[in-house]
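Summary of structural features
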Amino acid sequence: GFVEWVPSTAPFKDLIESGARESQGLGASSKSQTTSTNAPFNVFERLKEHADGKNFAANMAPYGISYQTAVQAAKFISHRFEEARSNQNHSDSQWLQNVRSEIADSFASSGVPRNALCRSISRAAGNPQRMFDFKRNFCHSLASCCAAQWILGIGDRHTGNHLLDMRTGSIVPIDFGMAFGEGCHLAIPEAVPFRLTTQMSEVAFPLGIKQTLVAPLATCLNVFGFHSTFILSVVRSFALDPLIEARVMRILCKQTSMHESREGSDLSEQIFGSELQVIREKLRPGHCPAEIIFQLFRQNERLIFYQATFKDCFDGVLTAHINNTKQEGSRSFETTAGALIDMATDQCLQAPIFGGWAPWL
């Protein structure tokens, strides 16, 4: 598509790098590369012991280091999951808490301060009163972005696809080329409903991100649910777009073994029929996000080299989230919002995403 600069904005990646340099006393505009947001090789160094040794490097060579870190994380989590299942004294919450702690240590080894983004936002605000307004705008726009990304299945939410409006502190999302749950069908799939990493959560400090975000996120989901008929009719029109048809063809070829010749419109209807059903379920009050993602993963036939590893990893983590949601009892958009935030901030789901997504930021 066409690329156009969005005035008065900056990508999260640049802001995080700037905040990290400032925290080291180098100055926000310093050209020093002492602190980089790129994945250092030691981020998952401690997880490598559970990889396949020589076979690991050989099998994953075509994917590069960005994918290797994701597979290392998946193998580490699935290994810990097997340990927990063999130990009758470990509950789901216990083993998940232990694994999250170890992954958090690995993320911290990147050397990037967890409040680097918040530092840059504070500098842009200029004073405490404007910082309060920036934080409010950031969290409110974050809630609407998260709701839209979840409903429409928008993926590839790396730090370059989030911009910050430097005048107001609001988030400006860009690049929606990966939509309608396509992230769940990648060879290294995205298990989170939207991006809500440590750097973004720290902006809500001193309040917790869940306490700050759950109410506005539930409101957005409620509004989308109220207008579900209109949203579904708009989404349905995408099936007639030639570019969408081309994408559908690629997905179908990668996911199924069907070789018979069929019309593009038939393929669009076939794929979009299932996609519309997923969106319709997401617009329903009290739906369980983990169950939806769990079912999408079951349809992914692209997990070639480490299918069992990712299956074990996500089966264990997503099942725990499903159980937690069902224990809540009540079925409302507030329950769904809380479940979405829990999943998005779960580092056991963030870690097995390809390195370019930068889950440690």
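Preceding block: the structure.
Not measured: the values here are computed from a predicted model.

1. Looking at the side chain of Thr198
The topology assignment puts Thr198 in helix 7 (residues 198–201). A relative accessible area of 17% places Thr198 in the buried class. Aside from chain neighbours lying at most four places away, what touches Thr198 is Arg114, Gln347 and Leu361.

2. With respect to helix 8 (residues 209–226)
With 18 residues, helix 8 ought to run about 26 Å at 1.5 Å a step, and its terminal C-alpha atoms sit 26 Å apart, in line with that. The largest bend along helix 8 reaches roughly 25° and is located at Ala215, with the proline Pro216 sitting one to four residues downstream. Taken together, the buried positions of helix 8 are occupied by Ile209, Leu213, Pro216, Leu217, Ala218, Cys220, Leu221 and Gly225.

3. Brief notes about the nonpolar core
Among the nonpolar cores identified, the biggest contains 91 residues, and Phe138 and Leu217 are the most heavily contacted of them. Not counting chain neighbours up to four residues away, the residues in contact with Phe138 comprise Phe12, Leu117, Ile121, Leu164, Gly169, Ile171, Met200 and Val203.

4. Here's the deal with the packing of helix 12 (residues 289–298) against helix 14 (residues 333–344)
At a closest axis distance of 9 Å, the pairing of helix 12 and helix 14 adopts a crossing angle of 55°. Comparing their axes, helix 14 and helix 12 come out oblique. Residues Pro289, Ala290 and Ile293 of helix 12 touch helix 14, and the partners they reach there are Thr336, Ala339, Leu340 and Met343. Taken together, the residues that form the contact of helix 12 with helix 14 break down as six nonpolar, one polar and no charged.

5. Focus on helix 9 (residues 228–237)
Restricting attention to buried positions, one finds in helix 9 the residues Ser228, Ile231, Leu232 and Val235. Looking down the long axis of helix 9, one finds its buried residues gathered within 95° of arc, a one-sided arrangement. Relative to its buried face, helix 9 has exposed residues pointing more than 90 degrees away, namely Thr229 and Phe230.

6. Quick word on the sheet that holds strand 2 (residues 162–165)
In space, the three strands of this open sheet follow the order 1-2-3, with antiparallel pairing throughout. A single partner strand is all that each edge strand has here, and the edge strands are strand 1 (9–11) and strand 3 (171–173). Averaged over all pairs of adjacent strands, the angle between strand axes in this sheet comes to 35°, irrespective of strand direction. The sheet contact formed by strand 1 and strand 2 spans three bridges and is antiparallel. Bridge assignment links Thr9 to a residue of strand 2, and that residue is Asp165. Contacts between helix 1 (residues 12–23) and the sheet are confined to strand 1, strand 2 and strand 3, with strand 1 contributing the most and set at about 80° to the helix. Helix 6 (residues 128–152) contacts strand 2 and strand 3 of the sheet and is inclined by roughly 25° relative to strand 3.

7. Points about the pattern of salt bridges
Side chains that differ in charge, positive against negative, can pair when their charged atoms come close. In this structure the tally under the stated criterion is 11 salt bridges. For Glu202, the salt bridge goes to Arg114, with nearest N and O atoms at 3.0 Å. Here the residue Glu202 occupies a position in the loop between helix 7 and helix 8, and Arg114 occupies one in the loop between helix 4 (92–108) and helix 5 (116–125), the gap between them amounting to 88 residues. Within the structure, one salt-bridge network assembled from shared partners comprises Arg80, Glu83 and Glu102.

Criteria and cut-off values
Residues numbered from 1 in each chain as written. Predicted model: local features only at pLDDT ≥ 70, side-chain atom pairs only at ≥ 80, totals over all residues. Heavy atoms only, no water. Helix = DSSP H or I, 4+ residues; strand = E, 2+ residues; numbered from the N terminus. Buried < 20%, exposed > 50% of the residue type's maximum accessible area, 1.4 Å probe, protein only. Contact = heavy atoms within 4.5 Å. Expected span 1.5 Å × (residues − 1). Bend = angle between axes of the 7 residues up to and from the residue. Core = buried A, V, L, I, M, F, W, Y, C linked by side-chain atoms within 4.5 Å. Axes fitted to C-alpha atoms, helices over the stretch in contact; angles between N-to-C directions. Parallel < 35°, antiparallel > 145°, perpendicular 65-115°, else oblique. Nonpolar A, V, L, I, M, F, W, Y, C, P; charged D, E, K, R; others polar. Arc of directions from axis to C-beta. Pairing = 2+ DSSP bridges. Salt bridge = Lys/Arg side-chain N within 4 Å of Asp/Glu carboxyl O.

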